[in-house]
Amino acid sequence: MDHLLSKTVAQSTPLVDPFGRTVDYLRVSVTDRCDLRCVYCMSEAMTFLPRKDLLTLEELDRLCSAFVEKGTKRIRLTGGEPLVRRGIMDFIKTFSRHLKSGALDELTLTTNGTQLSKYADQLAEYGVRRLNVSLDTLQANRFKDVTRWGDLSKVMSGIEAALKAGLKIKINMVAVKGFNEDEIIPMMKWCHDKGMDLTMIETMPLGDVGQDRNDQFISVSDISKMLQQDYTLSDIPYKTGGPARYVKVEETGGRVGFITPMTHNFCESCNRVRLTCTGTLYMCLGKDDAADLRAPLRSSEGDEQLHLAIEEAISRKPKGHDFLIDRDNKNPAVKRHMSTTGG
Ligand code: SAM
Ligand code: SF4
């Protein structure tokens, strides 16, 4: 990938959608594969994309760099599990040139944490400052159940390694009814003891996972009410560029974020688009409309076609979505899994 080192971004023109929103945040699902099978995310027998359909890491670099040229300031790598994609650390090392040049403000990842013991030091070295780590329980047997086979101790040592490397961590916890409601307070205390933020996420109806979604749903407003029975929550203006609304917990001094795709619309301030590992750009997490960027990427060596295709895609970014768990026929709102589009 050495030839890419010479391609840094000279100037950027921001992408603005028809509703006046500047789109400067790109989430990239670098693989649809994962070493876990969380019950709300994947079915047990997932069929993954044939490897030949994936963009190469060189192509991903070119595509993401085109976004940086178009004013993207923050990129989050996700998946599937981003750290199981072969060569991903080389990609991050090479791509970090945009951090060094100042064209990109932040390169970050959402990870399940299983590979962090191995990679935390390198991530810090390449300029990653923050990570979101997904963790729904602190109990080994429950962790095995929700991930279908995961080993909690691996994630725990990964988190320790990341903290030691100086990375800031936010724990993402998906609230699942009958599974982890009783762990919300212990999880919050554990996070705040370690100086980590906690974000609570409602389950979203993405993809068929072989279970009735209505059985899994807890609203974050119920969680907030539950926390308020024992804690004082103060609204704070803290923002990380994502859709979470944050409160400060006065007793612990830590922060809790709430992401409420099901009960509140966070579309008015949406600044992001999502790219899959095959080069499909989804302009909205909750809609099926998408743009193929792989064809323009492969059609010529220059980036002109690609830039035009990105601009055209942004001109189609919808005003908002309307997630709904369909109570009559229990169908997911969109057919693709979270692991395709990236969380
Ligand atoms: N494998 C990485 C991880 O688990 O952090 C990154 C990809 S994962 C799809 C990103 C986030 O999406 C995770 O925090 C996960 O808990 C969340 N997620 C997956 N399916 C979801 C669903 N149906 N509803 C809400 N969140 C979901
Ligand atoms: Fe894998 Fe993340 Fe989905 Fe769990 S939530 S199955 S770790 S992609």
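Here the structure is a predicted model, which means the values were calculated and not measured.

S.K.: Pulling in residues and values, what's your account of helix H8 (residues 220-230)?
M.R.: Inspection of H8 places Val220, Ile223, Ser224 and Leu227 among the buried residues, and these make up the whole buried set. Take H8 and look down its axis: the buried residues cluster within an arc of 100 degrees, on one side only. Exposed side chains of H8 directed beyond 90 degrees from the buried face belong to Lys225 and Gln229. Looking at the buried side of H8, the elements it contacts are strand E7 (168-175), helix H7 (184-193), strand E8 (197-202), strand E9 (233-235) and strand E11 (255-259).

S.K.: If you had to explain the site of ligand 1 to someone new, which residues and values would you point to?
M.R.: Close contacts around ligand 1 come from 18 residues, with Tyr40, Gly80, Glu81, Ser134 and Met204 the closest. Between ligand 1 and the protein, one listed contact pairs an oxygen atom with a backbone N or O atom of threonine 111 at 3.2 Å. In this structure, serine 134 approaches ligand 1 through a side-chain N or O atom, which is 2.5 Å from an oxygen atom. Listing elements by their share of the shell around ligand 1, those giving two or more residues are strand E5 (106-111) and E7.

S.K.: So what's going on with the side chain of aspartate 136? Residues and values would help.
M.R.: Its location among the elements puts aspartate 136 in the loop between strand E6 (130-134) and helix H5 (140-147). For aspartate 136, which is buried and forms no salt bridge, the nearest opposite charge comes from arginine 142, at a distance of 11 Å. Filtering out sequence-adjacent residues up to four positions away, aspartate 136 remains in contact with Tyr40, Val146, Asn172, Met173, Val174, Phe179, Asn180 and Met187.

S.K.: Outline the packing of helix H1 (residues 57-69) against helix H2 (residues 88-95), supporting the account with residue identities and numerical values.
M.R.: The N-to-C vectors of H1 and H2 enclose an angle of 35 degrees; their axes lie 11 Å apart at closest approach. In this structure, H1 meets H2 at a crossing whose hand is right-handed. Along its contact with H1, which presents Leu57, Leu60, Asp61, Cys64, Ser65 and Val68, the element H2 presents Ile88, Phe91, Thr94 and Phe95. Counted by class, the contact of H1 with H2 contains seven nonpolar, two polar and one charged residues.

S.K.: Go over the nonpolar core with me, naming the residues and quoting the values.
M.R.: Judged by nonpolar contacts, the single largest core of 96 residues is most densely connected at Ile75, Leu77, Ile92, Leu123, Ile171, Met200 and Leu281. Tallying contributions element by element places H1 first for this core, with seven residues. What isoleucine 171 contacts, discounting residues up to four positions off in sequence, is Val133, Leu135, Ile159, Met187, Trp190, Cys191, Met196, Asp197, Leu198 and Thr199.

S.K.: Explain unusual backbone geometry to me, using residue names and the numbers behind them.
M.R.: The phi dihedral of arginine 148 is positive, around 75 degrees, even though this residue is not glycine. Of note, arginine 148 is situated in the loop between H5 and helix H6 (152-164).

The rules we used
- Residues numbered from 1 in each chain as written.
- Chains lettered and ligands numbered in written order.
- Predicted model: local features only at pLDDT ≥ 70, side-chain atom pairs only at ≥ 80, totals over all residues.
- Heavy atoms only, no water.
- Buried < 20%, exposed > 50% of the residue type's maximum accessible area, 1.4 Å probe, protein only.
- Helix = DSSP H or I, 4+ residues; strand = E, 2+ residues; numbered from the N terminus.
- Arc of directions from axis to C-beta.
- Contact = heavy atoms within 4.5 Å.
- Near = heavy atom within 4 Å.
- Polar contact = N/O pair within 3.5 Å; in protein donor to acceptor, adjacent residues only side chain to side chain.
- Lys, Arg positive; Asp, Glu negative; His and termini not counted.
- Salt bridge = Lys/Arg side-chain N within 4 Å of Asp/Glu carboxyl O.
- Axes fitted to C-alpha atoms, helices over the stretch in contact; angles between N-to-C directions.
- Left-handed = near helix turned anticlockwise from the far one by under 90°.
- Nonpolar A, V, L, I, M, F, W, Y, C, P; charged D, E, K, R; others polar.
- Core = buried A, V, L, I, M, F, W, Y, C linked by side-chain atoms within 4.5 Å.

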